[in-house]
Every structure is written in structure tokens, then in C-alpha cells.
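# A closer look at the structure
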Protein chains: 2
Amino acid sequence: MALYMGLDVGGTFVKGIIIDEKGKIVSENSVPTVAGEGLADCIETLAENLVHGAGTVFSALAGAGVGCPGLIDSENGKVVFAGNLGLKNYPLQKLLEDKLGVPVRISNDANAAALGEAKFGAGKGYTDSVLITLGTGVGGGVVIGGKLFEGYKSAGTEIGHMVIEHGGAKCTCGRRGCFEAYCSARALTVATRRAMEEDTSSAMWKTYTNENADGRTSFEYMESDVAAKRVVDKYLNYLACGLANIANIFRPQIIMIGGGVAAQGTRLSAPLQRLLDKEIFAGMDYAPVKVECATLGNRAGAFGAAALIVNS
Amino acid sequence: MALYMGLDVGGTFVKGIIIDEKGKIVSENSVPTVAGEGLADCIETLAENLVHGAGTVFSALAGAGVGCPGLIDSENGKVVFAGNLGLKNYPLQKLLEDKLGVPVRISNDANAAALGEAKFGAGKGYTDSVLITLGTGVGGGVVIGGKLFEGYKSAGTEIGHMVIEHGGAKCTCGRRGCFEAYCSARALTVATRRAMEEDTSSAMWKTYTNENADGRTSFEYMESDVAAKRVVDKYLNYLACGLANIANIFRPQIIMIGGGVAAQGTRLSAPLQRLLDKEIFAGMDYAPVKVECATLGNRAGAFGAAALIVNS
């Protein structure tokens, strides 16, 4: 039985797993992230811990995949640019292959998470899926015919930077009206706090101040407070607009929602499905698109990194 | 030398070519379109004319490709639905294979045009390209790694029905604010006529009435008339917004503009390139995206239909 190592580089920790071909975790571990040139050494330490934990040897691995934030040239195995990690043109694949002695594949962390959910999570059994991650920003990853789609030089699928309101809210990318500017967890938090400020009779003030309220607050109070409901309805409306765009462009079988906001489960996915059913081009009869929350949580990236090897 | 037949089904005519593998046309012909069940017979007649015109025989063909309007299930070779042709679940591929005795592939006409431009037109030499067609509507076709991308059950790449202005202008698809509602040739015509009505001192009135003015009128007068320039600037601005979305999502090497509006040439493509350079995610240094007008005109569909065979 082949074993696959998946490594997910985060800002604070590098998380890793070894899985078998059915996706069963046989070893799991993490190490603090070392930014800069030392990243490969820190990943090597984690890899050794994982192999040790699984009671196996490197030669028993089919390979190791790595999901890494930033602009990743997956074809050439390089971290082109990763601001938070202080890396530029860093040949991570080659460095790790030399250290570990197994085939290594690298990809952007959001793309890896999409592949992880597609192969082992909510997208299992589908060939065509999109993962939308609602966190600090809005990330996206696309799987077509079972393979990760990354765009030319892996620079595509910046789905959060699709404008859905021309001339609208300012986005970190420099554009105005991006999907991310309306649908990130951060945008939801900002909208929640603003709604509280505008309506100090809102029930949300019972438990929260406008400093500790966040995106969850509106969902928590949506059934008992009209201001909270208005925030959630508007958020869902913009989110459905972006999902319908993605559905019309990629027409996947399933759109999966990940990131912090996905903790809302069917309170999120059920209304989104209803809105998408209305908005999608030519209706749902011929090629329906499901909306579901992702299931792998913060392990999606590590699963997906392992899937880079399963898939190659 | 292998020969390839390409057939492009339009509302009025079916156009056909036979090309060699370098894309040189060795025979060209057309027949009036027969809607309904008789479509395969009418295509057979055209195919016979084409073979005759090339002085060859069917067995010398590597195959015949067909681009057809409507919802086409290219994997199963069926016209799922084509309103204008009065067809539903029409097994066009099988019917033609029986009649012609050569392998047949079918695809949506917009997708075929994208493949045609990619292989033999403005996209020649690139592996990743998108064709945006600005006609009555806004159509799109996407080529990834040299292959046509169509979405699950060929129902994707409805790029015209990507909302770029949430809650904006009503679109024929039922949504509000679609790319098509702002950037079709029809939308440009409507904006031109409205600008004339609002400013009867506009120089456009010298040659046109608000009944015979169309999208070309604003481009014609953009340098001599402020109302015309305003229409063109706004149109380009929305168009660039849609192109930047497509660039951020697919990150192709080139976006090609086809359809009637593309006759404006560099008056269209040069400002669009400048706007895209500003809007694209993370700039143009790493993975630049060119904007150029398509070059095959109304032969793009037939070339692309032939390319369905070259490519298969």
C-alpha cells in the first residue's frame, strides 16, 4: 500500500500528514514555521517526525506534496514570491527532493486545499469542483476532470479578485468591487460592527461590543435580531452572486465553501443553494451545481498536498 | 498530408472548410441552414460539396468537426437544446458519422471559435487563451493547455453571464449586471443612441439618426465628439473590468476579442491592454496577459470545428 506525505506551510506552523491511498491518516504532526531560507530545513524536520510517527521509512513514500502560500510556480517547483515567508525564487521542490530522497510536488496552499477537498472531502466522487475559502480574504481553487487547474504559470484562479460590483468597495488588490471586498470573513465582521453602531438597540449588543463582535455574531443573532438578519442576507446575496459567476464560468458539479465562515454549515449552504438555483445560467436541470460546506477543516491543505502526489 | 473538415452551423448558413494540418484552406463552401431534424442531411450535402471541391474523398479526411449553437453535449455528441434550430436531444455526431463514414466531433459554436482562434488565429503559439466574442451577446470560449475547456457536461464558459455590477442592468439570462448587459454590441448600440438623444448637438447627428446609429458610430466619432468619447470610454471601462476578471480567473497568455466590435482593431485592443495592465492581479511581470483582436473573422468557427479533429 502506497503512502503519501502532505505538508501545509502556514504563517505560524507547518502541518503535515502521511495518508494511505484511501486517505486514512497514518501519521500527523506539525512544527513552527521558519520563514526565509530555512524553510526547507524546517520542513525536513517535520517530514522526519512524520515518517518516524508512521513507523515507516522515506523509501516507502510515493512522494511528498507541499502547499505553500504565495505565488508558486508548480511546474518548475519554485516559490516565486511569498511575502509573509520572506521568499523569492526559492527552489523548494529541488531542495526537498535532495533532502528527503522522494519525489516532491509543490503548489499554492489554496489550490492544494481545493484538491484536498476534491479528493478526500466534500468533493469526493466528483470530477469537477471549486473550493471557495472565506477567511481573511476570499481564496479559490479549481479542479477540472480530477486535476488541479492553476492557470498559466500557476498564476490563475484568483477568484477573490473578480469584480462583482463595478466601482464598488476598495480591495487590497487595488481594484474596486472585488468578490473578496464583500465576502471575506473580514468584510462580514466589518458589516456586523457597522450594523451594531448604526442600531444600538440591536440584540447583538447583549453579548458583544463592536470590538469583539465578528462575522459569527450576525449569524448567531440572525433569527432574533433584524439588524443581524440584514447583515447576513446582504452577505449571502453577494456571496451567491460570486458563486453564480463561478458556476456559469466553470460549471463544476459542486462548489465547496471553506474557511472560517463555513463553520455556519447549512445556515450558509442552504440559502446559497436556493439563490444559486435561481441565478445559474439555463437552470439546474441539465448540469446541476451543488453548494456544500467543506469537510476537512484546516487539514484540507495537507490532504491536498498529499493529493498532489496521488494525482501526479 | 491529413485533411480536416470544419463545419459551422449558423442561423442562416452552414459554412464549411477543409484544411490541411497547417490550416491552409483547400476547399470552402456553404449551404442554407435547414432547421430541425433535417440538419444532418443539409450538413451532409455541404460535406459532399467540400470533398468534391477539394478533389478528394471522405476516406482522406482525418474527420469532421461541427460547431453548433445551443447547449451541446460534446462528450456524447448530442445537441441537448438549440432553440433557434428547433432541436432537442439531437444525436448529431452519430447521424453524421453514419452519413459521412469519418470520425465526427461536435461542440458549441462559441467554443469552436475559441479553439479556431487559438490554433490558427490570434492565439497561435499560445497554450492558454480565451476568446471573448462581442456580438448580439457576449460569448466566451477557453483553451487550457491547448485543449478546449467546456465545463461539466459542456455547460460552462458562459462568460457573458458573469455579473460585474451587482443589481445592475437587466440581462436576457434573468440576472442583473451581467458582463453581456454592458459589453455586447447591442449594449454599445443602445448606449450610443441614448447619448445622441441626450445631446442633440452631438456631431454624431451629422451622419446618423438615433435609428441607424449603432455601436460603430461612437467609435467613428470618438475623436471629434465628446458624447461619443464618453460612450466609448464607459464601454471600454466595463469591458476591461470583465477582461480583468477573466485574466484573474483563468490567467491565460492571451485574451482575444472577436465579434462585430473587434472590427475596431487597436482602437479597441490598445486601451483595453492599458486598462488590463493596471487591473490585473499582482501586475504583468510574472505572467503577462495580452489583449488582441481575433484574426479569423467569421471563419473562426469553421477553423475551430476542424481543430476539434486536429486536437482529438
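This text follows the structure it describes.
Note that the coordinates shown come from a computational prediction; the quantities given were computed from them, not determined experimentally.

## Focus: the interface of chain B and chain A
Contact residues are listed per partner, giving 37 residues for chain B and 37 residues for chain A. A combined buried area of about 3600 Å² lies between chain B and chain A, and 62% of that area is made up of carbon and sulfur atoms. Sorting the residues of chain B by area buried against chain A places B:Y152, B:H166 and B:Y286 first, and these three jointly supply 23% of that buried surface. Linking chain B to chain A there are two salt bridges. With its nearest N and O atoms 2.7 Å apart, the salt bridge here joins B:R175 to A:E279. Counting the contacts that link chain B with chain A gives 24 residue pairs in polar contact (both at pLDDT 80 or more). Elements supplying a minimum of two residues to the side of chain B that touches chain A: β5 (71–73) and α7 (226–250) of chain B.

## Describing the pairing of strand β10 (residues 138–144) of chain B
All names here are of chain B. The buried fraction of β10 is high, at five of seven residues. Following strand β9 (residues 129–134), the chain reverses through three residues before pairing antiparallel with β10. Joining the antiparallel neighbours β10 and strand β11 (residues 147–149) is a turn of two residues, in which G145 adopts a positive phi near 55°.

## Looking at the sheet that holds β9(B)
Residue and element names in this part refer to chain B. Strand order in the open sheet formed by five strands is β11-β10-β9-β12-β13, and the pairing between neighbours is mixed. At either margin of the open sheet sits one strand with a lone partner, and together these are β11 and β13 (290–293). Taking the axes of each pair of neighbouring strands and ignoring which way they run, one obtains an average angle of 25° across the sheet. Relative to β10, β9 is paired through six bridges, and the arrangement is antiparallel. Looking at β10, one finds that T133 is bridged to G139. In the packing of helix α8 (residues 266–279) onto the sheet, contacts are made with β12 (254–258) and β13, and the angle to β13 comes to roughly 165°.

## Topic: helix α9 (residues 300–310) of chain B
Taken across its 11 residues, α9(B) has 10 buried, putting it largely inside the fold. B:A300, B:G301, B:A302, B:F303, B:G304, B:A305, B:A306, B:A307, B:L308 and B:I309 are the residues of α9(B) that are buried.

## Some points on the nonpolar core
Within the largest apolar cluster, 106 residues are counted, with the highest numbers of intra-cluster contacts made by A:I132 and B:I132. When near neighbours in sequence (up to four residues on either side) are disregarded, B:I132 contacts B:V138, B:G139, B:I159, B:F179, B:L243, B:I246, B:I255, B:M256, B:I257 and B:G258.

## Looking at the relation of the copies chain B and chain A
Turning chain B through 180° and shifting it by 0.0 Å along the axis lays it on chain A, with an RMSD of 0.0 Å. Overall, the copies show the geometry of a two-fold rotation axis.

## Overview of the pattern of salt bridges
Residue and element names in this part refer to chain A. One pass over the structure, following the stated rule, counts 14 salt bridges over all chains. Between K99 and E44 there is a salt bridge, and its shortest N-O distance comes to 3.9 Å. Highlighted residues: K99 in helix α2 (residues 92–100) and E44 in helix α1 (residues 39–53), separated in sequence by 55 residues. Residue class for K99 comes out partly exposed when judged on its relative accessible area of 32%. R216 serves as the salt-bridge partner of D214, at 2.6 Å between the closest nitrogen and oxygen. With relative accessibility at 55%, the residue R216 sits in the exposed group. Each of the salt bridges in this network shares a partner with another, and the network as a whole consists of D41, E44 and K99.

About the thresholds
- Residues numbered from 1 in each chain as written.
- Chains lettered and ligands numbered in written order.
- Predicted model: local features only at pLDDT ≥ 70, side-chain atom pairs only at ≥ 80, totals over all residues.
- Heavy atoms only, no water.
- Contact = heavy atoms within 4.5 Å.
- Buried area = accessible area lost by both parts, 1.4 Å probe.
- Salt bridge = Lys/Arg side-chain N within 4 Å of Asp/Glu carboxyl O.
- Polar contact = N/O pair within 3.5 Å; in protein donor to acceptor, adjacent residues only side chain to side chain.
- Helix = DSSP H or I, 4+ residues; strand = E, 2+ residues; numbered from the N terminus.
- Buried < 20%, exposed > 50% of the residue type's maximum accessible area, 1.4 Å probe, protein only.
- Pairing = 2+ DSSP bridges.
- Axes fitted to C-alpha atoms, helices over the stretch in contact; angles between N-to-C directions.
- Core = buried A, V, L, I, M, F, W, Y, C linked by side-chain atoms within 4.5 Å.
- Least-squares fit on C-alpha atoms with pLDDT ≥ 70 in both.

Remember, this is a structural readout, not a statement about activity or role.
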